[in-house]
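Letter by letter, the chains look like this.
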Amino acid sequence: MMKSVVLEKKGKINLRDFPDIDRVEEVLKPREVRIKNHTVGICGSDVHYYTHGRIGPFVVKDPMILGHEASGTIIEVGTEVSSLKVGDRVCMEPGIPDPAAQATRLGIYNIDPSVQFWATPPVHGILRPTCVHPEAFTFKIPDNVSFAEAAMVEPLAVGVHAATKAKVKPGDIGVVMGAGPIGLVTALSALAAGCAQVYVSDLAEEKLEKAKALNSAIIPINIKSETLAARVLRDTDGWGANVVFEATGSPLAAATVFDPLCPGGCIVLIGGQSEPIQYDAGAAMVREARVENIFRYANVFPRCVSMVSSGSIDVKALITRTFSFHESIEAFDVAASAPPADIKMQIVLPN
Ligand code: ZN
């Protein structure tokens, strides 16, 4: 049995012994590693399963361990593991695709229908002492990257994937709708990819203050007091932004997503949608806009680790609260209350 953070059902979390799902007594497969988990970030999806019991087609039917943004230390390696050794500090990519699947072979393994992704029912998450993981989805972190930063690589990967699909070019003007964790990692990724400036919009002044403090090239826009599109068009002599990232999932935001976009620009839809969103296909047409959709990420973890290590992306300021493992239930209750000044909360396991 392993002490784990278990979502029993909608609205009920326990920190309790859970049957061993990691084959503690078993020999590892040749290309597997065993990891002592260190830091786990709380994701909006974990909180949504807690408060709503489901996300789209994924429904919590049985008790499920939460968490998928993780770092830790290698404590055992399989016989054929060559890139990792005992004692290495690592971060883990939480989705394991079927290596034989068509999507995996095409390199788009994030949309392999059979991918097994932590804390997406019925797959258990990582808020537990140890895990067994494939070497191929486990990434060594340099000494100058902390466990806390390493646990930010997972959400950062969404932003880097979004900036990659947007094909950001040096000097582009970007817009990010939504100053939550995904919006802010997207803004940082767009800047690292070459954007000259990124407008970040939100309703919460506290979040916009955080956004502004991240980078002097971020321009916060409070849509309570200013119209995003009007400001972007005014600042760009009426031309508009090259890329607009929608990171709210809100139907209201999606309805206006083309307003600040320049002709020939790109829209990237990232926000998790708890209700169906609609956008104006006519507005897309007259701009010949490219519309990209993001589902998690593929092939970007090593890039994220490199950028965090080099300092080209600094995620430290996004981590606004840290809880110990025995405070996990409180942590989820605080996260569910969505304090406006918080971006990312993390849980540190006993070490
Ligand atoms: Zn996440």
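One can find the structure itself at the top, above this paragraph.
This is a predicted model, so every value here is computed, not measured. (Residues numbered from 1 in each chain as written. Predicted model: local features only at pLDDT ≥ 70, side-chain atom pairs only at ≥ 80, totals over all residues. Heavy atoms only, no water.)

**Things to note about the coordination of the zinc ion**
- Taken together, the protein donors to the zinc ion comprise Cys43 (SG), His68 (NE2) and Glu69 (OE), at separations of 2.1 to 2.5 Å.
- Here the donor residues for the zinc ion map to a single chain with the spacing C-x24-H-E. Assigned by exposure class, histidine 68 and glutamate 69 land together as buried. (Donors = N, O, S within 2.8 Å, 3.2 Å for Na, K, Ca; no water. Buried < 20%, exposed > 50% of the residue type's maximum accessible area, 1.4 Å probe, protein only.)

**Comments concerning the packing of aromatic side chains**
- Applying the stated criterion across every chain, the model contains 5 aromatic pairs.
- Ring geometry for tyrosine 109 versus phenylalanine 137: centroids 5.5 Å apart, planes at 80°, classification edge-to-face. With a gap of 28 residues between them, tyrosine 109 in the loop between helix 2 (102-105) and strand 10 (116-117) and phenylalanine 137 in the loop between strand 11 (130-134) and strand 12 (138-140) connect regions that are remote in the sequence. Grouping residues by exposure puts tyrosine 109 and phenylalanine 137 together as buried.
- Here the aromatic cluster, defined as three or more aromatic residues joined through ring pairs, consists of Phe139, Tyr297 and Phe301.
- It is arginine 89 that lies over the ring of phenylalanine 147; its NZ or CZ is 4.5 Å from the centre.
- Seen from the ring of phenylalanine 117, arginine 296 lies directly overhead, with NZ or CZ sitting 3.7 Å from the centre. (Phe/Tyr/Trp six-rings, centres within 6.5 Å; stacked < 30°, edge-to-face > 60°. Helix = DSSP H or I, 4+ residues; strand = E, 2+ residues; numbered from the N terminus. Lys NZ or Arg CZ within 6 Å of the ring centre and 35° of its normal.)

**Focus: helix 1 (residues 44-52)**
- For helix 1, the complete set of buried residues consists of Ser45, Asp46, Val47, Tyr49 and Tyr50.
- Phi turns positive one or two residues past the end of helix 1, at glycine 53, with a value near 75°.

**A word on empty space enclosed by the protein**
- With the rule as written, the count across this model stands at 1 cavity of 30 Å³ or more.
- The calculated volume of the largest cavity comes to roughly 40 Å³.
- If you go around the largest cavity, the residues you meet are Glu93, Gly95, Tyr109, Asn110, Val115, Phe117, Arg296 and Tyr297.
- Taken together, the residues of the lining of the largest cavity sort by class into 4 nonpolar, 2 polar and 2 charged. (1 Å grid on protein atoms, 1.4 Å probe; cavity = no way out; pocket = protein on both sides within 12 Å on 5 of 7 lines; lining within 4 Å. Points joined across faces, edges and corners; volume = space filled by probe spheres on them. Nonpolar A, V, L, I, M, F, W, Y, C, P; charged D, E, K, R; others polar.)

**A closer look at the environment of isoleucine 173**
- Position of isoleucine 173 among the secondary structure elements: in strand 13 (residues 173-177).
- Owing to a relative accessible area of 15%, isoleucine 173 belongs among the buried residues under this scheme.
- In this structure, the C-alpha to C-alpha distance between isoleucine 173 and arginine 31, residues 142 residues apart in sequence, is 43 Å.

**Side note on the nonpolar core**
- Core analysis: the biggest nonpolar cluster contains 51 residues, and Val200, Phe245, Val268 and Leu318 have the highest contact counts within it.
- With 8 residues, the top contributor of residues to this core is helix 4 (residues 153-166).
- Excluding residues within four positions of it along the chain, valine 268 makes contact with Ala162, Ala166, Val243, Val244, Phe245, Glu246, Glu292 and Ile294.
- Grouped together as the second largest cluster of nonpolar side chains are 37 residues, Val90, Ile126, Phe323 and Val334 included. (Core = buried A, V, L, I, M, F, W, Y, C linked by side-chain atoms within 4.5 Å. Contact = heavy atoms within 4.5 Å.)

**Observations concerning the packing of helix 4 against helix 5 (residues 181-192)**
- Relative to each other, helix 4 and helix 5 sit at 50°, their axes nearing to 8 Å. On the basis of the axis angle, helix 4 is oblique to helix 5. Viewed along their axes, helix 4 and helix 5 form a crossing whose handedness is right-handed. Residues Pro155, Leu156, Val158, Gly159, Val160, Ala162 and Ala163 of helix 4 lie in contact with helix 5, whose contacting residues are Ile182, Val185, Thr186, Ser189 and Ala190.
- Of the residues contributing to the contact of helix 4 with helix 5, the split by class is 9 nonpolar, 3 polar and no charged. (Axes fitted to C-alpha atoms, helices over the stretch in contact; angles between N-to-C directions. Parallel < 35°, antiparallel > 145°, perpendicular 65-115°, else oblique. Left-handed = near helix turned anticlockwise from the far one by under 90°.)

**Remarks on the packing of helix 4 against helix 10 (residues 301-310)**
- Running from amino to carboxyl end, helix 4 crosses helix 10 at an angle of 105°, the nearest separation of the two axes being 9 Å. In terms of orientation, helix 4 lies roughly perpendicular with respect to helix 10. On helix 10, the residues that touch Val153, Glu154, Leu156, Ala157 and Val160 of helix 4 are Phe301, Cys304, Val305, Met307 and Val308.
- Taken together, the residues of the contact of helix 4 with helix 10 sort by class into 9 nonpolar, no polar and 1 charged.

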